[in-house]
Amino acid sequence: MKFDKKIAFHIQQSHVARDEGVKIIKDIDNGLCTLESAIGDLVACLEQSLQHIHKLLILFPPIDKLRS
């Protein structure tokens, strides 16, 4: 897979997880569920998003030009 496709994939997947978290928060706001019942799902969304961002950092670590 090309680098640009890898980057797009991980950013898109992180965005999907974020959108799912927003949906859960809207459900809480609309009284469809409680924070207590949704907290596990919210944590899972955050973890999924972070995993994809972490993968990007592993694949493309930031380079400090001043250290070169």
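This text follows the structure it describes.
Residues numbered from 1 in each chain as written. Predicted model: local features only at pLDDT ≥ 70, side-chain atom pairs only at ≥ 80, totals over all residues. Heavy atoms only, no water.

(A) Structural context of the side chain of serine 14. Considering the arrangement of structural elements, one finds serine 14 in helix α1 (residues 3-29). Serine 14 has contacts with Ser49, His52 and Ile53, leaving out every residue within four places of it along the chain. (Helix = DSSP H or I, 4+ residues; strand = E, 2+ residues; numbered from the N terminus. Contact = heavy atoms within 4.5 Å.)

(B) View of helix α2 (residues 35-59). For α2, with 25 residues, the first-to-last C-alpha span of 35 Å sits near the 36 Å given by 1.5 Å per residue. Buried residues of α2: Ala38, Leu42, Cys45, Ser49, His52 and Leu56, and no others. Of the surrounding elements, those touching the buried residues of α2 are α1. (Expected span 1.5 Å × (residues − 1). Buried < 20%, exposed > 50% of the residue type's maximum accessible area, 1.4 Å probe, protein only.)

(C) Region of interest: the state of the cysteines. As enumerated under the stated definition, the model contains zero disulfides in all. Sulfur of cysteine 33: no disulfide; nearest cysteine sulfur belongs to cysteine 45 and is 11 Å away. (Disulfide = S-S within 2.5 Å.)

(D) Local environment of a nonpolar patch on the surface. Taken together, the side chains of Phe3, Ile7 and Ile11 make up a nonpolar region of the molecular surface, amounting to roughly 290 Å² of accessible area. By secondary structure assignment, the location of phenylalanine 3 is in helix α1. A relative accessible area of 55% means that phenylalanine 3 is categorised as exposed. (Patch = residues over 30% accessible without salt bridge, like charges linked within 9 Å, V, L, I, M, F, W, Y side chains within 5 Å. Areas by Shrake-Rupley, 256 points an atom, 1.4 Å probe, with all protein chains shown as cover. Salt bridge = Lys/Arg side-chain N within 4 Å of Asp/Glu carboxyl O.)

(E) Region of interest: the pattern of salt bridges. Under the definition given, this model contains two salt bridges. With a shortest N-O distance of 3.0 Å, arginine 18 and aspartate 19 are connected by a salt bridge. A salt bridge links lysine 23 to aspartate 27, with the shortest nitrogen-to-oxygen separation between them at 3.4 Å. Taken together, the positions of lysine 23 and aspartate 27, both in helix α1 and four residues apart, correspond to about one turn of that helix. Residue classification places lysine 23 among the partly exposed residues on the basis of a relative accessible area of 47%.

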